[in-house]
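Structural description and commentary
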Amino acid sequence: MNTKFDKEEFKQAMIYALKSKYRKKLEDATPQEIFQAVAYAVKDIIVDEWIATHKQYDKQDVKLVYYMSMEFLMGRALGNNMINLMAYDDIKEALEKMGLDLNVIEDQEPDAALGNGGLGRLAACFLDSLATLGYPAYGCGIRYRYGMFRQKIENGYQVEVPDEWLVNGNPFEVRRSEYSTEVKFGGYVEEIWEGGRQHFIQRGYQSVMAVPYDLPIVGYGNNVVNTLRIWDAQPINLFNLDSFDKGDYQKAVEQENLAKNICEVLYPNDNHTAGKELRLKQQYFFISASVQRAVKKYKMHHGDMRRFHEKNSFQLNDTHPTVAVPELMRILIDEEGLTWDEAWEVTTKTCAYTNHTIMSEALEKWPIDLFKRLLPRVYQIVDEINRRFVEQIRRMYPGNESKVANMAILYNGQVRMAYMAIAGSFSVNGVAKLHTEILKNQELRDFYEMTPWKFNNKTNGITQRRFLLHGNPLLAKWVTEKIGTDAWITDLPKIEGLAKFAEDPQAQKEFNEIKYQNKLRLAKYIKENNGIDVDPNSIFDVQVKRLHEYKRQLLNILHVMYLYSRLKDDPNLDMVPRTFIFGAKAAAGYKRAKLTIKLINSVAEVVNNDPSIQGKIKVVFIEEYRVSNAEIIFAAADVSEQISTASKEASGTGNMKFMLNGALTLGTMDGANVEIVEEVGIENAFIFGMSADEVIGYEKNGGYNPMDIFNNDQTIRRILMQLINGYFSPQNPELFRDIYDSLLNTKSSDRADTYFILKDFWSYADAQRRIDQAYRNREWWTKAAILNVAHSGKFSSDRTIEEYVKDIWHLDKIKVEV
Ligand code: 26W
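Definitions and limits used
Residues numbered from 1 in each chain as written. Predicted model: local features only at pLDDT ≥ 70, side-chain atom pairs only at ≥ 80, totals over all residues. Heavy atoms only, no water. Phe/Tyr/Trp six-rings, centres within 6.5 Å; stacked < 30°, edge-to-face > 60°. Helix = DSSP H or I, 4+ residues; strand = E, 2+ residues; numbered from the N terminus. Buried < 20%, exposed > 50% of the residue type's maximum accessible area, 1.4 Å probe, protein only. Lys NZ or Arg CZ within 6 Å of the ring centre and 35° of its normal. Pairing = 2+ DSSP bridges. Near = heavy atom within 4 Å. Polar contact = N/O pair within 3.5 Å; in protein donor to acceptor, adjacent residues only side chain to side chain. Areas by Shrake-Rupley, 256 points an atom, 1.4 Å probe, with all protein chains shown as cover. Nonpolar A, V, L, I, M, F, W, Y, C, P; charged D, E, K, R; others polar. Contact = heavy atoms within 4.5 Å. Right-handed = clockwise from strand over helix to strand, strands pointing away. Core = buried A, V, L, I, M, F, W, Y, C linked by side-chain atoms within 4.5 Å.

Description of the packing of aromatic side chains
Taken as a whole, this structure holds 30 aromatic pairs when the rule is applied. Between Phe-688 and Tyr-764, the aromatic rings sit 5.1 Å apart at their centres with planes inclined by 55°, giving tilted as the arrangement. Of the two residues, Phe-688 sits in the loop between β25 (686–687) and α25 (692–700) while Tyr-764 sits in helix α29 (residues 757–776), which places them 76 residues apart along the sequence. Pair check on accessibility: Phe-688 and Tyr-764 agree, each one buried. Seen from their ring centres, Tyr-775 and Trp-781 are 4.9 Å apart, and the 70° between their planes marks the pair as edge-to-face. Per residue, the accessibility class of Tyr-775 equals that of Trp-781, and both read buried. Three or more aromatic residues joined by ring pairs form one cluster here, namely Tyr-66, Tyr-138, Tyr-298, Phe-308 and Phe-314. Directly above the ring of Phe-149 sits Lys-585, whose terminal nitrogen or CZ lies 5.6 Å from the centroid.

Here we look at the pairing of strand β10 (residues 197–203)
Bridge count between strand β9 (residues 188–194) and β10: 7 bridges; the pairing is antiparallel. In the sheet register, Trp-193 faces β10, and the bridge partner there is Gln-198. Between β9 and β10, which follow one another and run antiparallel, lie 2 residues, and Gly-195 among them has a positive phi close to 60°.

Some points on the site of the ligand
Within the structure, the ligand sits among 23 residues, and Leu-119, His-356, Asn-460, Glu-649 and Gly-652 are positioned closest to it. Interatomic distance of 2.7 Å between a side-chain N/O atom of Glu-649 and an oxygen atom of the ligand. Within the backbone of Ala-650, one N or O atom sits 3.3 Å away from an oxygen atom of the ligand. For the ligand, the accessible surface in isolation is 570 Å², of which the surrounding protein chains cover 98%. It is helix α6 (residues 118–133) that contributes the most residues to the shell around the ligand, 3 residues altogether. Here the residues of the shell around the ligand are counted per class, giving 6 nonpolar, 12 polar and 5 charged.

Some points on the sheet that holds strand β15 (residues 365–367)
An order of β15-β17-β16 is seen for the 3 strands of this open sheet, with the pairing classed as antiparallel. With partners counted over all chains shown, the strands left at the sheet margins are β15 and β16 (410–411), one partner each. With 3 bridges joining them, β15 and strand β17 (residues 414–416) adopt antiparallel strand pairing. Bridge assignment links Pro-367 to a residue of β17, and that residue is Gln-414.

Regarding the environment of Pro-473
Its location among the elements puts Pro-473 in helix α18 (residues 473–483). A relative accessible area of 42% places Pro-473 in the partly exposed class. Measuring from C-alpha to C-alpha, the distance between Pro-473 and Glu-528 comes to 21 Å, with 55 residues separating the pair along the chain.

Thoughts on the side chain of Ser-644
Along the chain, Ser-644 turns up in the loop between β23 (639–642) and α23 (654–660). Not counting the four nearest positions on each side in its chain, Ser-644 is found in contact with Tyr-550, Lys-551, Arg-552, Glu-649, Thr-668 and Asp-670.

Here we look at the pairing of strand β24 (residues 664–667)
Regular strands have side chains that alternate between both faces of the sheet. Burial along β24 is two-sided: the residues Leu-664 and Leu-666 and Thr-665 and Gly-667 are all buried. Across 4 bridges, β23 lies against β24 in parallel orientation. Bridged to Val-639 within β24 is Leu-664. With α23 bridging β23 and its parallel neighbour β24, the resulting β-α-β unit is right-handed. Pairing of β24 with β25 involves 2 bridges; the strand directions are parallel. Of the residues in β25, the one forming a bridge with Leu-666 is Phe-686. Crossover handedness for the path β24 to helix α24 (residues 673–680) to β25: right-handed.

Quick word on the nonpolar core
One finds Phe-285 and Phe-371 to be the most contacted residues of the largest nonpolar core, which totals 280 residues. For this core, the element with the most residues is helix α2 (residues 31–60), which contributes 11 residues. Setting aside residues up to four positions removed in sequence, Phe-371 forms contacts with Leu-280, Val-323, Trp-366, Pro-376, Val-378, Tyr-379, Val-382, Val-415 and Met-417.

Structural notes on unusual backbone geometry
Unlike most non-glycine residues, Met-86 shows phi in positive territory, near 60°. Positionally, Met-86 belongs in the loop between α3 (78–84) and α4 (88–97). If you check the backbone angles, Phe-756 has positive phi at about 60° while not being a glycine. Looking at the secondary structure, you find Phe-756 in the loop between α28 (737–744) and α29. For Phe-756, a relative accessible area of 1% corresponds to the buried category.

Written out as structure tokens, the structure is:
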């Protein structure tokens, strides 16, 4: 309960917002207008704390972390803000008194989908934890006009629809034009001597004005409100010049277009770089603006730029913000007059880099020509960073040019961003234990050998405030009742207190009832959104995440096809009814991923409409998987599918959200699954498949030959033939040929079955069989589910953030009184 909350005051604030924003009375307002009014009333409460927090920053002269990220997958803000203000129940009641339903109001808010998947959602969880723990922090990103596309499923195919998330305005944002700053592109560098030193001046450039919008990040129950600052681009108004010649006019038009394009849209690629010029523009745009602001802010209270790192850390969320390294160098040298060595010292004590993937397609490399043309001065600095770095490599490994080839930042006509991030940072971290080991021993081995002290692990986490307290209110309330405290909300390991109820019959009954209610809630959602009836007594077996070959949704659906064939052979087959639930967006240009969505929907079409199998299997593809419906999905899951090819999933965070909500993991020993099993015990999960070492071993030897399996295994052959004989696509038997080929390499020159789907098939099917058996023993299953919740304590992003603070950022907490 928030002691400062006053229902009457809240109501008046709402009514005032309706009046001033829409000239309306409550009874005439639309649901969207009511949402806006509620949000403004909530913002009213937030702003006082927001101001107080920033006053406190100044007063304590705090060190700040800037979390630099091209993606922040925030989801909806209203519910979470109310929860963190500890005013959720009060507001809910106040609204009920006015005859308003909070759930309906929350559903009016579009998701802020300024991210693709795991990396973007992690950034959002981190902001929540930073504020809740009272650490001074800014998120720095881009205010995309269109976020992640909205997904429609038409005739089984994914169709992308623009995400116009800002059409009704964003009630929580505050435009801070007073902090606008210019960002320059292109032109050339003029070098002049003046005052006994060389100066570099960018000429003939185009520029845009970066305008920040601030979003409040409310800490849980501590009066702390941090800031997510997202930048918009505006043209610099050359038309206002008193006189301009033709050249200026041309330039003005070009600059206007540049500004219009930069923040237009989030690139919807996950783990795959398209190497587009506009993306590099986006990167430099938000980084230059953020770094300029950070420097200005520092200078308001400090004189010595050589001590900048004592008050600032820049955390680079993957390689996307890496241009922060040369940009900080540029500002320190060109604008602040530091020497190269001084500037390098500051930069490498300010920047820290997090790696989120080992997928080679995801490694960002920019053609030198493009980089130089777009960022001429920054490129000169990159060139010098590289020159010195290569020199250092040669000193360490005289005569060993392969080390240079393996590590140089500029190589083969490209700028290798990951290598620049490593060279320019004092810390390089992976996102789960296994992932960090693979970085050290395989992917980044040479860098690890050279500078082992830079490398460290920070296993990811998730915020329990959104994914339990908000997403699963029934379970949240039950946890608090059982363990006799709500301390888990800010101290998740406390949830361990549940373990002693795992076998208690009464507790089991209550737990199962809650799971059942959550399954009803999801069934209702599926009925409303997909028109499919699902049985809440069936096992809800869920795989929700981005669609990617390495995540192996294909393995899942092939297994469904296998089960279906068994049921066709034997309609009386004894199995617990199962609902296979999928949710995934495929990158718009990723053909095979999109075809996999079509395959899932085609199988669903056949299976769901075949009365002969008596409803034993249902397949559901949930359209438009996103943060807001994820909360409903996790709460309802029995089985959490985490089946990536071992070594490929850096961490995964969905796996943690399922665990927290009492689903059992069906997974490979990959990413954070390894640590989940460590916490909950392998006996309370269903683990299968090749190990990371085995996979890496095969890869080093050019893969394996899936044809051996195909030729010798009738069952697998039968399933695969269904991909090319029209079994699920009678109108077009060739429809799934590409998927078939990807597994068997009959035409293409790529290696076949790169993700070891056939090789892991029987091991997966066996794990699925064990699930079927285990679910029949309701006491056992419920016990295991409760134990999963009880042992999820490690996976709070609060723990992760404390580790970043202790090992990397070294921040002090602030205390805010209002
Ligand atoms: C350049 C295109 C691009 C876009 C996004 C390349 C790479 C990415 C991200 C690294 C993809 C991503 O979201 N990675 C995920 O990060 C999560 C948070 O650390 C991990 O839990 C996931 O395992 C990882 O796939």
